[in-house]
Amino acid sequence: MAALRESVVHDYLFVALAAVTILCYVIGGAIYRLYFSPLSKFPGPKLAAITLWYEFYYDVIKKGQYTFEIGRMHEEYGPIVRISPHELHISDPEYYEELYSRSSPRDKYPYYTNQFGNPESTFSTVHHQHHRLRRGAMNPFFSKRRIAGLEEMISSMVEKLCIRIEEFRQSGQPIPMRLAYMCLTTDVITKYSMARSWDHLESPDFSPIWCETIKATAGAGVFMKHFPWLFPVVRALPDRLVAALNPGMLLLLDFQRSIERQIKEIMDRKGDDEQLYLVDGQPTIFHELLNSDLPLWEKSLERLWQEGQVVVGAGADTTANALTVTTFHLLDNPDKLQRLKSELEMLMPDLCSPVKLRELEQLPYMSAVLSEGLRLSYGVSSRLQRIAPAEELKFHDWTIPPGTPVGMTSVLMHHNPSIFPNPDTFLPERWLEPAPDNRPLDRYLVSFTKGSRQCIGIKCVFFLPTLSLL
Ligand code: HEM
């Protein structure tokens, strides 16, 4: 009996000791983060400085609200804010080109890149030099010259979309333009990047499941960045269980698998039946990568499907969103739509007359409409962090320690009233008139971000002028 009592006391003592240790660790960690961390001198909410659960609450529980909470923090604490135990955020349009530098090394933040489940893609490559290697191999595929060669293919896809719009018009049904644009951009990108279009434009209801998949990827991302170790666990689970736990996650896995299958086909047929895998006589990006000087380990299937996921996922959704937002604002502002139509009629008196992309790009009001559409569609709406690995960054009187993730956010830039007065209003005219203080507005349009990590697809936002063909 005495021995049993002693063992119970011993167990209680053990549990109490464990609890006290955990408590000391948590309290000690909080005190360190608040008073001794290299970021402790930066202003911001105490709770955000102590724990990542603060961000979790706004992004996961309240669904993608942290960007707006960060905006509120800037109103309270000023242009530089500590938004997590490890990260700073800046709201000062003049600082953008310094942070997103073209010439100084900038790493990405694994906490951000981990959320997409493609750590081997160029997009998610953390270290600057490694990114340069991978990006160098992709660049030729996205050059202006290569993109110009796609005009015919894109025009034929746009014509397909026009036929679908006409069908809806005749039936009197409203057309879900977000889905329709997503089908257009996906068909073009899959054709260009993998030689096989997914032909979503042929789907009677514009493949709503595909849009759901991309939404699910973003939705899963805000959760997974807190628990990146879950990716391999989820991949190992049976599909039925994944679907029961999180249907969106299954859509993401299916998306990854279909890209993997298609790239494996390209790799297996290399040299054999080559013609089948060319796009208008041109090799796909995966031919380019396989034939490039990249070291062998950079050409594995595992890495290449991850590259494919980014090209299709990032390219299709952002572009479709920009087209949808622009279309909405034009329909909502008939006077602006009429001004655009009048400009186009000068170039194309007969709607069926062929028109070149370079001619469309010269139209001033068209360009202004597209810039305004990009401004209000943001590109990526969350912050994009950059890390200066070995350099102290100076921001006003602040010195930011090397290795600190620092972010800025396009949504906050694009709604800054000192740069874009009446920021919530769709006003293409602002791009044609002298800007406040004569600042060149283009400098503050950051939908594609800037510097060495700028969107590689920036020159192939060929879809946007196609708006005029609709
Ligand atoms: C309106 C259209 C687009 C917008 C607003 C946009 C925006 C962006 C942004 C903000 C980034 C940087 C993300 C970061 O720093 O984490 C990015 C990267 C990237 N985008 Fe785009 N994008 C667009 C279209 C495209 C297209 C059409 C493609 C390909 C066909 C594409 C492929 C990529 C790739 C591969 C990256 C990673 C580049 C790297 O890390 O070096 N994007 N995009």
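What you see is a predicted model, and the numbers here were worked out from it, not measured in a lab.

Engineer: Please set out the site of the ligand residue by residue, giving values where relevant.
Structural biologist: Close to the ligand lie 25 residues, the nearest being Lys108, His131, Arg135, Arg386 and Cys455. In this structure, an oxygen atom belonging to the ligand sits 2.7 Å away from a side-chain N or O atom of histidine 131. In the model, an oxygen atom of the ligand is placed 2.6 Å from a nitrogen or oxygen of the arginine 135 side chain. Counting residues per element, the ones that place at least two in the shell around the ligand are helix 7 (128-138), helix 16 (301-332) and strand 5 (384-387). Per-element tally for the shell around the ligand: the top contributor is helix 16, with 4 residues. Split by residue class, the shell around the ligand holds 12 nonpolar, 9 polar and 4 charged.

Engineer: Tell me what's going on with the coordination of the iron atom of the ligand, and back it up with residues and numbers.
Structural biologist: Protein coordination of the iron atom of the ligand is limited to a single donor, Cys455 (SG), positioned at 2.3 Å. Position of cysteine 455 relative to the elements: it lies in the segment after helix 20 (410-414).

Engineer: Outline the packing of helix 9 (residues 151-171) against helix 10 (residues 177-194), supporting the account with residue identities and numerical values.
Structural biologist: Where helix 9 meets helix 10, the axes come as close as 10 Å, and the angle between the chain directions of the two elements is 155 degrees. Overall, the two elements helix 9 and helix 10 adopt an arrangement that is roughly antiparallel. Handedness of the helix 9/helix 10 crossing: right-handed. Within the contact between the two elements, helix 9 uses Met153, Ile154, Met157, Val158, Leu161 and Ile165 and helix 10 uses Met177, Ala180, Tyr181, Leu184, Asp187, Val188, Lys191 and Tyr192. Taken together, the residues of the contact of helix 9 with helix 10 break down into 12 nonpolar, no polar and 2 charged.

Engineer: Let's hear about the pairing of strand 8 (residues 405-408): which residues, and what values?
Structural biologist: A two-sided burial pattern is seen for strand 8, the buried positions comprising Pro405 and Gly407 on one face and Val406 and Met408 on the other. Two strands pair when backbone bridges link them, and strand 2 (residues 88-90) and strand 8 are joined in this way by 2 bridges, in the parallel orientation. Considered in strand 8, the bridge of leucine 88 is made with valine 406. Pairing geometry for strand 5 and strand 8, over 4 bridges, is antiparallel. Residue pairing across strands places leucine 384 opposite methionine 408, the latter belonging to strand 8.

Engineer: Let's hear about the UniProt feature "binding site: heme" (unreviewed entry) in the protein: which residues, and what values?
Structural biologist: The sites that carry the UniProt feature "binding site: heme" (unreviewed entry) are, in the present numbering, Cys455. With relative accessibility at 32%, the residue cysteine 455 sits in the partly exposed group. Dropping the residues within four chain positions of it, cysteine 455 is found in contact with Arg135, Phe448 and Thr449.

Engineer: Now, about the domain arrangement of the protein: what can you tell me, with residues and values included?
Structural biologist: We note that the domain assignment places domain 1 (1-36) and domain 2 (128-469) within the protein. Taken over C-alpha atoms, the centre of domain 1 sits 52 Å from the centre of domain 2.

Engineer: Go over the UniProt feature "transmembrane region" (unreviewed entry) in the protein, please, and point to the residues and values.
Structural biologist: Here the UniProt feature "transmembrane region" (unreviewed entry) sits at residues 12-36. The distance from the first to the last C-alpha atom of residues 12-36 is 34 Å, and the span holds 100% helix and 0% strand.

Engineer: Lay out the pattern of salt bridges with the relevant residues and their values.
Structural biologist: Taken as a whole and assessed by the stated rule, the structure comprises 32 salt bridges. For the salt bridge of glutamate 429 with arginine 339, the shortest nitrogen-to-oxygen distance reads 3.4 Å. Note that glutamate 429 is positioned in the segment after helix 20 and arginine 339 in helix 17 (residues 334-347), a separation of 90 residues in sequence. When its relative accessible area of 15% is taken as the criterion, glutamate 429 is described as buried.

Reading the values: the criteria
- Residues numbered from 1 in each chain as written.
- Predicted model: local features only at pLDDT ≥ 70, side-chain atom pairs only at ≥ 80, totals over all residues.
- Heavy atoms only, no water.
- Near = heavy atom within 4 Å.
- Polar contact = N/O pair within 3.5 Å; in protein donor to acceptor, adjacent residues only side chain to side chain.
- Helix = DSSP H or I, 4+ residues; strand = E, 2+ residues; numbered from the N terminus.
- Nonpolar A, V, L, I, M, F, W, Y, C, P; charged D, E, K, R; others polar.
- Donors = N, O, S within 2.8 Å, 3.2 Å for Na, K, Ca; no water.
- Axes fitted to C-alpha atoms, helices over the stretch in contact; angles between N-to-C directions.
- Parallel < 35°, antiparallel > 145°, perpendicular 65-115°, else oblique.
- Left-handed = near helix turned anticlockwise from the far one by under 90°.
- Contact = heavy atoms within 4.5 Å.
- Buried < 20%, exposed > 50% of the residue type's maximum accessible area, 1.4 Å probe, protein only.
- Pairing = 2+ DSSP bridges.
- UniProt positions renumbered as here; feature names shortened; annotations may be inferred.
- Domains from an automatic or database assignment.
- Salt bridge = Lys/Arg side-chain N within 4 Å of Asp/Glu carboxyl O.

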